[in-house]
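# Secondary and tertiary structure notes
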Amino acid sequence: MREQHTRSNIPIKPVYTPEDTGALDYGKKLGAPGSFPFTRGIRPAAAWTWIQRELSGEGDPKTSNEQLRYLISKGQTGIDVIADAPSNALLDPDHPLAANAIGTQGVSICCLQDYRDLWKDLPLDSITVSNSIPAIFTAAALYLVAKENQVPTEKLRGSIIQAPFYAEDCGYAIHMPFHLRLRLATDSIEFCTEHMPRFHSFVEDTYFFSEAGLDVVEEMALGFIEIRHVVRELLKRGLHIDSFGPRIAILVNCSTDFFEEIAKIRATRRLFSKMMKEEFGAADPRSWAPVITCHTSGLSLTAQQPVNNIVRGTLQALALVLAGVQALEISAFDEAFRTPSPESHLVGLRTQQIIGLETNVTKVVDPLGGAYYVEALTDQIETRIRDMILDIESKGDPAELSDKGWFKNFFDDVMARYAKQIAEGELPKVGLNCFKIPEEEDTLLREVAESKIEPSRDRVQKIKEYKKTRDQKKVKAVLQHCYQEAKGDKGNLTYPIIQAFVAGATMGEIAGVMRMAYDYPYDPHGMLEPPI
C-alpha cells in the first residue's frame, strides 16, 4: 500500500497505538486545560464558546457599518473588518491606481471621518473590534473615536494585525523599508500597551501568507519568526515582557486536513508558552497562553460548484472548535467571486451557531486530547516547526533575510509548488480537479455568488472635495511634523499620526511623508507630488 502523508508531508499510519505517543508525560506535555503548557487550551475545563464573527467590509464606510449592524442583529458576537486593496496598500481613493478597486475587496477607508462612519452606533465598550486595516492608523483612529464617544480607552477590546515581515512580499505592498515597517508595528504596540491595555495590538497573522500555499509547519514557523523578532525589538525598547505578552494573539489559517489543523493549534500553544516562559522570561501566566483566532481557508474554496464551499467551511470550523480557538470566521461560500454577500455571511454565521448550540462539542474541552493519533501528530508538528525556526534563524538576522528577498523567494517557490499539486491532482479539490460537472449544470448558488460588486468610484470625488475643504495650512503643518518625527527615528509615531488625523490628513498622505523621511518616494508609483 502506498504510504500516506498529511499535507505537510508527515507520514500517516493506518492505526495508532500507545507506542506512538511514547512515555507521554501528561503534566509536561499536556497539562490540564488552562494550565502550562496550554496544549489543551488556554481556558480551564468548563463549557465554553468562542467569539463568532464573519469578516466584513465593502464599499464605503457607511455601507460597511450597515453590514456590521446587520451581522450583530443576527447574533454575531464580535466584528472584524478588512480594508480594500488601495487602503491596505496605503493609497487614498483618489490615487490614479485606486479607482477600479475602491470598496471591492473590503471597505475603502483613508481618514478619521471614515473611521467614525465605520464604527457609528457600535457598542465599542462591549464588543470586540478586530481589524484587517493598516494597524497603526486603526489604533490611532479607534483611540480618537472612543474618546469622542466617551468610551474609556482602557475598555477597548479587539485587535490589529502586525505584518512587518511578509506583507510586502505576500500581501499588500506598502513600499516602505523594513525598518520603518517594524517601527510602525512596535510603535503601535507600545502605544496600545499604555493607552488600550485590553486591546490585542500584536496579532501575528499567519493566515494571509499561508494562503500562498504553505503547509502548517511552514505557516507556523514563519509566524514564530516574526513574533520572536518583534518581541525582541519591544524588549530592546525597555518594555517588560509581561506588559505586552498577554496581548499577543495569533490569527491562523485552517484548511481541510482535519486532524493536522487541530494538531497544529495544539502544538502552537505549547511552543508559544515555552518560548514566552523559558526564553523570554515571562512570569505572568497570561503571557504564556496565546489567544488563537482563525479564518477558515479561502484558498481551499473553489469557483466551481460553490455549494461545496459550505461543506468545506463547516468541516474547517468544526476542527477549530475541537482545537479550542478563541474566535472564528468562516470564509464565505462565494469567496472565489467577491467579498461576502448577505446570504453567504448568514450561512457562515449560522454554521458557527449550529456547531455551538446543536452539537454539544463545546461541552468538553479538548475532546481529542489523549487520542494516540492526535498526540503523535501534535508532537511531530511541534518538532518540525521548531526545527524550521532554528534553520531559518541560523541563516542570519531575519530582518536582513527580508531585505535580501529570502522570504520573497520562499513564497514564490511555495506558490509554484501548490499550483503544481493542484494541476497534477496531488491535492484533490472536488469540483476543480476531480468530480467535475459541466458548466451548464453548475447552477446551485451561482446566481448569489456571481452577483457583482461595483467599485465605489464616487469616493474619488468625495475625497478630492474633502481634501479641498480642509485647513490646508494646518494639514501641511501636521504632515511636516510627521515627516520630522519619522526622520528623527526616536519618538513614537502613533502620536503625530493622531495629530494628523485630527487635522484632516489622510492615511495616504501620512504614509507618503513617512516614506520621504526614509528617503523613499512619497508616491511609490510616481504619480503624485508630495504635499510638503
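One structure accompanies this document, and this report is about it. (Residues numbered from 1 in each chain as written. Predicted model: local features only at pLDDT ≥ 70, side-chain atom pairs only at ≥ 80, totals over all residues. Heavy atoms only, no water.)

### Remarks on the overall build of the protein
Keep this limit in mind: Secondary structure is summarised from DSSP: a helix means a run of H or I of at least four residues, a strand means a run of E of at least two, and numbering begins at the N terminus for each. Values of the radius of gyration come from C-alpha atoms, whereas the globule rule sets the reference at 2.2 Å times the count of residues to the power 0.38. Burial classes: relative accessible area under 20% of the type maximum marks a residue as buried, over 50% as exposed, and values in between as partly exposed (1.4 Å probe, protein chains only). For this analysis, residues touch if any pair of their heavy atoms sits within 4.5 Å. Each accessible area is a Shrake-Rupley estimate made with a 1.4 Å probe; only the visible protein chains count as cover when residues are assessed. Positive charges are assigned to Lys and Arg, negative charges to Asp and Glu, while His and the chain termini are left out of the count. The atom standing in for a charge is NZ when the residue is Lys, CZ when it is Arg, CG when it is Asp and CD when it is Glu.
A tally of regular secondary structure across the protein gives 22 helices and eleven strands. A globule of 532 residues ought to have a C-alpha radius of gyration of about 24 Å, and the protein, at 23 Å, matches this closely. The principal-axis extent of the C-alpha atoms belonging to the protein is close to 75 × 60 × 45 Å. A buried classification covers 59% of the 532 residues belonging to the protein. Within the protein, counting contacts between residues at least 6 apart in sequence, those at least 24 apart form 77% of the total. For the protein, the computed accessible surface area is about 21600 Å², with 54% contributed by carbon and sulfur atoms. For the protein, the separation between the mean place of its 59 positive charges and that of its 73 negative charges on side chains is 4 Å.

### Structural notes on helix α17 (residues 406-423)
Since there are 3.6 residues in each turn of an α-helix, residues three or four apart along the chain are aligned in direction. Rules: Helix span, expected: 1.5 Å multiplied by one less than the number of residues in the helix.
For α17, built from 18 residues, the straight-helix expectation of 26 Å at 1.5 Å per residue is met to within 8% by its first-to-last C-alpha distance of 26 Å. Against the buried residues of α17 lie α6 (167-170), α8 (207-210), α9 (216-236), α15 (372-394) and α16 (398-404). Just past α17, the residue Gly-425 takes up positive phi, approximately 80°.

### Considering the sheet that holds strand β8 (residues 200-205)
For clarity, the cut-off: What makes two strands pair is DSSP finding at least two bridges between them. A fitted line through C-alpha atoms represents every axis, and for helices the fit uses only the stretch in contact; the resulting angles, taken between N-to-C directions, go from 0 to 180 degrees.
Strand order in the open sheet formed by nine strands is β3-β11-β10-β9-β8-β7-β6-β5-β4, with parallel pairing between adjacent strands. If you trace the sheet from one side to the other, it starts and ends with β3 (51-52) and β4 (55-56), each paired once. Where helix α5 (residues 135-148) meets the sheet, it contacts β6 (128-132) and β7 (158-162), and its direction lies at approximately 155° from that of β7.

### So, the nonpolar core
Nonpolar side chains in soluble globular proteins tend to be buried together. Keep this limit in mind: Nine residue types can take part in a nonpolar core, namely buried Ala, Val, Leu, Ile, Met, Phe, Trp, Tyr and Cys, and a core is a set of them joined through side-chain atoms within 4.5 Å.
In terms of nonpolar packing, the biggest core is built from 82 residues, with Tyr-166, Leu-222, Met-276, Ile-385, Phe-407 and Phe-411 touching the most fellow members. For this core, the element with the most residues is α9, which contributes eleven residues. Apart from the residues within four sequence positions on either side, Ile-385 is in contact with Val-217, Met-220, Ala-221, Phe-224 and Leu-271. Grouped together as the second largest cluster of nonpolar side chains are 59 residues, Leu-68, Val-129, Ile-136 and Val-145 included.

### Regarding the pairing of β6
To keep things clear, this is the line we draw: By convention, orient the strands away from the viewer: a clockwise path from the first strand over the helix to the second makes the crossover right-handed.
Burial of β6 is extensive: five of the five residues sit out of reach of the surface. Residues Thr-128, Ser-130 and Ser-132 point to one face of β6 and Val-129 and Asn-131 to the other, with burial holding for every one of them. As judged from the five bridges shared by strand β5 (residues 78-82) and β6, these two strands associate in the parallel manner. Following the sheet pairing, Ile-82 is matched in β6 by Ser-132. With three bridges joining them, β6 and β7 adopt parallel strand pairing. By the bridge assignment, Asn-131 is partnered in β7 with Ile-160. Crossover β6 to β7 through α5 is right-handed.

### Side note on the pairing of strand β9 (residues 248-254)
By the criterion of burial, β9 is predominantly enclosed, with seven of the seven residues buried. Bridging between β8 and β9 involves four bridges; their strand directions are parallel. What sits directly across from Val-203, in β9, is Ala-249. For β9 and strand β10 (residues 291-296), the ladder comprises six bridges, and the chain directions are parallel. Looking at β10, one finds that Ile-250 is bridged to Ile-292.

### Some points on the pattern of salt bridges
It is possible for side chains bearing opposite charge to pair when their charged atoms get close. Let me state the cut-off plainly: What makes a salt bridge here is a side-chain nitrogen of Lys or Arg within 4 Å of a carboxyl oxygen of Asp or Glu, nothing more.
Under the defined criterion, the tally for this structure stands at 37 salt bridges. For Glu-261, the salt bridge identified is with Lys-264, shortest N-O distance 2.7 Å. With Glu-261 and Lys-264 both in helix α11 (residues 258-279) and three residues apart, this pair spans about one turn of that helix. As far as the burial class goes, Glu-261 and Lys-264 line up, both buried. Note that Arg-446 is salt-bridged to Asp-442, the shortest N-O span being 2.7 Å. We note that Arg-446, like Asp-442, is buried. When salt bridges that share partners are traced, they join Lys-29, Arg-270, Lys-274, Asp-379, Glu-382 and Arg-386 into one network.

### Quick word on the environment of Tyr-518
Convention followed: Here a polar contact means two N or O atoms within 3.5 Å. Within protein one must be a hydrogen donor candidate and the other an acceptor candidate, and residues neighboring in sequence count only if both atoms are side-chain atoms.
Along the chain, Tyr-518 falls in the segment after α22 (507-517). You can call Tyr-518 buried: its relative accessible area is 16%. Contacts of Tyr-518, omitting those with residues within four sequence positions, involve Pro-177, His-179, Leu-180, Arg-183, Ala-486 and Asp-489. Here the side chain of Tyr-518 touches Asp-489 through a polar contact of 3.0 Å, side chain to side chain.

### Some details on unusual backbone geometry
For residues besides glycine, phi is generally negative; the peptide bonds are generally trans as well. Cis geometry marks the peptide bond from Phe-36 to Pro-37; its omega dihedral reads 5°. Locating Pro-37 in the fold gives a position in the loop between α1 (26-30) and β3. You will see that Asn-360, though not glycine, has its phi angle at about 70°, which is positive. Within the element layout of this structure, Asn-360 appears in the loop between α14 (342-358) and α15.

### Some thoughts on the environment of Gly-59
Within the fold, Gly-59 resides in the loop between β4 and α2 (61-73). Between the C-alpha atom of Gly-59 and that of Ala-83, which follows or precedes it by 24 residues, the distance is 9.5 Å. In this structure, Gly-59 is in contact with Gly-103, Gly-106, Val-107, Ser-108 and Ser-456, ignoring residues within four places of it in sequence.

### A few points about the packing of α5 against helix α21 (residues 494-503)
For clarity, the threshold we go by: Roughly parallel here means an angle under 35 degrees, roughly antiparallel means over 145, roughly perpendicular means 65 to 115, and every remaining angle is called oblique. The crossing is said to be left-handed when, going from far helix to near helix, the turn is anticlockwise and less than a right angle, and right-handed when the turn is clockwise. Polar here means any residue other than Ala, Val, Leu, Ile, Met, Phe, Trp, Tyr, Cys and Pro, which are nonpolar, and Asp, Glu, Lys and Arg, which are charged; Gly is therefore polar.
For the pair α5 and α21, the least separation of the axes is 9 Å and the interaxial angle reads 60°. Here α21 runs oblique to α5, going by the angle between their axes. When you trace α5 past α21, the crossing you get is right-handed. Every residue of α21 that contacts α5 at Ile-136, Phe-137, Ala-140, Ala-141, Tyr-143 and Leu-144 is listed here: Thr-494, Ile-497, Ile-498, Phe-501 and Val-502. When its residues are assigned to classes, the contact of α5 with α21 shows ten nonpolar, one polar and no charged.

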